[in-house]
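# Structural description and commentary
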Amino acid sequence: MKVLLVCPSNYHGKSATKSIYYPMGILLVGSLLKDTLPSLEVEILDGELYTESELEEKVRGSEILGLSANTNNYQNCVKLANYAKRSGTRKVIVGGPHASATLSYKDKKISMAGNILRNQPDIDAAIMYDGGQAFLQYFIESQKMHPDYSGINNLFWRTQEGDLQSNSVDLPTNPPRFTDMDFSLMDFGKYWKEHKREFPDMSEQYVEGFTHVGCVWREKRGCIFCDIPFPFNNYQAPGRFWRDLREARTRLNIRAFKDYGDCLTGNPERVRALLEARPCDLEDMEMSCYGRSNEITEDMANMLRDLNVRYIYIGFDSGDDRMLKSMREGYKVKENHTAIERLVRRGINITGSLILGASGESEETIANTERFAREIVQSPNVTQLHCAILTPFPGAPLNRNFLEDFPEFSDKDVWDTELTTSFWISRNCEAPYELIEKKAREINELNPSSRKRYFGMKEK
Ligand code: B12
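Residues numbered from 1 in each chain as written. Predicted model: local features only at pLDDT ≥ 70, side-chain atom pairs only at ≥ 80, totals over all residues.

## Points about the overall build of the protein
A count of helical and extended segments in the protein gives 16 helices and 17 strands. Here the protein has a C-alpha radius of gyration of 22 Å; the compact-globule value for 460 residues is 23 Å, and the two agree. Counting only C-alpha atoms, the protein reaches 65 × 55 × 40 Å along its principal axes. Expressed as a percentage of its 460 residues, the buried residues of the protein come to 47%. (Helix = DSSP H or I, 4+ residues; strand = E, 2+ residues; numbered from the N terminus. Rg over C-alpha atoms; globule rule 2.2 N^0.38 Å. Buried ≥ 20, exposed ≤ 12 C-beta atoms within 10 Å, placed from the backbone.)

## A look at the site of the ligand
If you check the shell around the ligand, you find 46 residues, and the closest are Gly-25, Gly-66, Asn-70, Gly-95 and Gly-131. Contributions of two or more residues to the shell around the ligand are made by helix 1 (24-36), strand 3 (64-68), strand 4 (91-95) and helix 5 (132-142). Ranked by residues supplied to the shell around the ligand, first place goes to helix 1 with 5 residues. Its residues placed into classes, the shell around the ligand shows 23 nonpolar, 18 polar and 5 charged. Two domains share the shell around the ligand, each providing at least three of its residues, namely domain 1 (2-166) and domain 2 (178-445). (Near = placed C-beta within 6 Å. Nonpolar A, V, L, I, M, F, W, Y, C, P; charged D, E, K, R; others polar. Domains from an automatic or database assignment.)

## Let's talk about the domain arrangement of the protein
Assigned domains of the protein: these are domain 1 (2-166) and domain 2 (178-445). At the junction of the two partners, domain 1 supplies 32 residues and domain 2 supplies 29 residues. Element by element, the count of residues in the side of domain 1 that touches domain 2 is highest for helix 1, at 7 residues. (Contact = placed C-beta atoms within 7 Å.)

## Notes on the pairing of strand 16 (residues 349-356)
Of all 8 residues in strand 16, 7 are buried; the element is thus mostly enclosed. Here strand 16 runs beside strand 17 (residues 382-389); their pairing, made up of 7 bridges, is parallel. Paired with Ile-355 across the bridge in strand 17 is Ala-388. In this fold, strand 16 hands off to helix 13 (residues 363-376), which returns the chain to strand 17; that crossover is right-handed. (Pairing = 2+ DSSP bridges. Right-handed = clockwise from strand over helix to strand, strands pointing away.)

Structure follows, in structure tokens:
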């Protein structure tokens, strides 16, 4: 019996990170299944690496299909679900950030998982947040003559009579561990090669992991577009983290790890504890991480250097203070410049990103962001710079404002990013959509990397 887990590619446009990063979500879900039921055939597929017909061929003959949905790839999840059901797959289950979103409309909280099941007859169940346990239990129950899905937390499901049911939901609080990943399910070699091309200052063999989850700023106020699932900032116990990483090194011979934690720089005490707990034999381990500009003090920059951080991803987000305020970023353009200076002095590379299209965006604010972008790409340490258009993700704080203007989306499961983006701009920006799109493309062209980031639009 085969269980297939797929993370399909984006619906509009190509991802700039194709073949660089592997899909950790389905790796974790598949690993728990394989660890619990070793004789089961579990296949993990990164949909970006296959054509539609190749994926369909893989789907044929799978008994259970699990799909990892973000808002940008959800239409492709639906297409694959339809195909699977036509070709005999017994159960189709959807998880991931899109299935985990909660909409706020008037006084109501609406689960996207419910919208998915109401609108898609070919999808049997949707799982919110951490999907490992729920998927495993769903699989086990689905093999029984009289399955009972009622005790599986995080699960939305349909009864045999077709009624929609939902169980209680646990918020995700703990960082995933390397030890929960069955590395034999993933072919790392092909990712390592591409990763090295894009990030030459980092060792080729890397593994993705989490020193922490959540973001300190998000706990206080948070950026309006943020759809990260973790409500609290929670760091791993440093000793355990390094022991886990040592084990990953033994198994995979890795020399670097990419910290997918939402923002490393928010909690200086915990960063210091991480550094101080690092054992001598891991002192040469290289890192990349996410950070916020105003949290990069001289002290934080020293700690990042001492942790061998080779690349840090920073959302600069705008070159205009009014737009930074509009996005509720909690910092100003000056702090973006200061962070760059501090990182440059320590030889740390920066992957920056910018967003056009927040409330109040005008020709003047766009011009300021363009100027900022042109200035910072002069720095040899700014090795990537992406420009996105603000997308109203269904689980982000701004979904509330979006739904006030476009209530028809409150019971939809497809939130086509090209459409929602243009709707949002039409109500919230002074500049027209066409100008914002043109400028986002132009700023993207300034990216020193040859991989220009996909930003939610059809390619031209
Ligand atoms: C690292 C990261 C990336 C990396 C790597 C992604 C990768 N291929 O692994 C890069 C930089 C490439 C990236 C790109 C993008 N990302 Co990103 N990314 C993240 C980040 C920080 C961590 C993701 C991660 O690996 N988590 C760890 C794994 C274990 O968690 P997970 O994937 O969510 O999986 C768990 C559950 O969701 C669930 N689950 C997942 N899949 C499935 C499937 C089944 C069947 C089941 C049952 C359960 C299940 O169980 C898993 C285990 O607990 C998150 C924020 C966050 N903290 O989650 C944003 C995040 C996921 N990204 C986001 C976005 C928008 C994007 C982009 C679209 C940005 C852009 N405009 O280009 C692209 C799209 C890329 C793509 N091809 O789809 C959004 C998604 C919002 C949404 N509603 O869709 C997030 C939430 C950030 C945000 N904006 O708030 N991203």
